[in-house]
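Architecture and fold: a report
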Amino acid sequence: MLFRSQKIQQKAARTGFDWDNSNEIRGKILEELSEFESAETYEELEEEFGDLLFSVVNMGRHSKIDPEKALRNANRKFVSRFKSMEKLARDRKSTRLNSSHW
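Conventions we followed
Residues numbered from 1 in each chain as written. Predicted model: local features only at pLDDT ≥ 70, side-chain atom pairs only at ≥ 80, totals over all residues. Heavy atoms only, no water. Helix = DSSP H or I, 4+ residues; strand = E, 2+ residues; numbered from the N terminus. Buried < 20%, exposed > 50% of the residue type's maximum accessible area, 1.4 Å probe, protein only. Phe/Tyr/Trp six-rings, centres within 6.5 Å; stacked < 30°, edge-to-face > 60°. Patch = residues over 30% accessible without salt bridge, like charges linked within 9 Å, V, L, I, M, F, W, Y side chains within 5 Å. Areas by Shrake-Rupley, 256 points an atom, 1.4 Å probe, with all protein chains shown as cover. Salt bridge = Lys/Arg side-chain N within 4 Å of Asp/Glu carboxyl O. Lys, Arg positive; Asp, Glu negative; His and termini not counted. Charge placed at Lys NZ, Arg CZ, Asp CG, Glu CD.

Once that is clear, we can look at unusual backbone geometry. Even without a glycine there, the phi angle at Lys 64 is positive, about 60°. As for its placement among the helices and strands, Lys 64 is situated in the loop between α3 (42–62) and α4 (67–99). A residue is classified by how much of its surface remains accessible, and Lys 64, at 75% relative accessible area, is exposed.

Laid out in structure tokens, this is it:
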């Protein structure tokens, strides 16, 4: 779906409906974030979250970033870090258990 958002934005940009620079997109992202934070119902939250994602994809498009690849990489990085934290927690627990036998 991120890729579809990018394609929609590219099509709109060909007609001249686009931001002039990344500062304008940043402002739109902040506006959408504020609207998300002000939402009161689940439906409003969902709508504003979608608008926020759409705006973030637009920032990536202007920076020539593939949103799907960027999110895949972020997921991979998070999973790797999380696995490291789980291993650290297991190692610490094991160390505590072994030392408690003395």
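Further remarks concern the packing of aromatic side chains. With the rule as written, the count across this model stands at two aromatic pairs. With a centroid separation of 6.0 Å and 15° between ring planes, the pair formed by Phe 78 and Phe 82 is classed as stacked. Residue Phe 78 and its partner Phe 82 are located together in helix α4, separated by four residues, close to a single helical turn. Residue class for Phe 78 comes out exposed when judged on its relative accessible area of 56%.

Attention now moves to a negative patch on the surface. Taken together, the side chains of Glu 35, Glu 40, Glu 43, Glu 44, Glu 46 and Glu 47 make up a negatively charged region of the molecular surface. Considering each element in turn, the negative patch owes the most residues, four residues, to α3. Residue placement: Glu 44 occurs in helix α3. Assessed through its relative accessible area of 37%, Glu 44 is described here as partly exposed.

Turning to the environment of Glu 35, a few remarks are in order. Mapped onto the fold, Glu 35 is located in helix α2 (residues 22–38). A relative accessible area of 33% means that Glu 35 is categorised as partly exposed.

Our next topic: the pattern of salt bridges. Counting across every chain of the model gives four salt bridges. Here Asp 18 makes a salt bridge to Arg 61, at a shortest N to O gap of 2.6 Å. With Asp 18 in the loop between α1 (2–14) and α2 and Arg 61 in helix α3, the pair connects residues that are 43 residues apart, well separated along the chain. Given a relative accessible area of 13%, Arg 61 falls into the buried group. Here Glu 32 and Lys 28 are joined by a salt bridge, their closest N and O atoms 3.1 Å apart. Residue Glu 32 and its partner Lys 28 are both found in helix α2; the two are separated by four residues, about one turn of the helix. Since its relative accessible area comes to 5%, Glu 32 is described here as buried. For Lys 28, a relative accessible area of 23% translates into the label partly exposed. Via salt bridges that share partners, Lys 28, Glu 31 and Glu 32 belong to a single interconnected network.

Coordinates in, geometry out; function isn't part of it.
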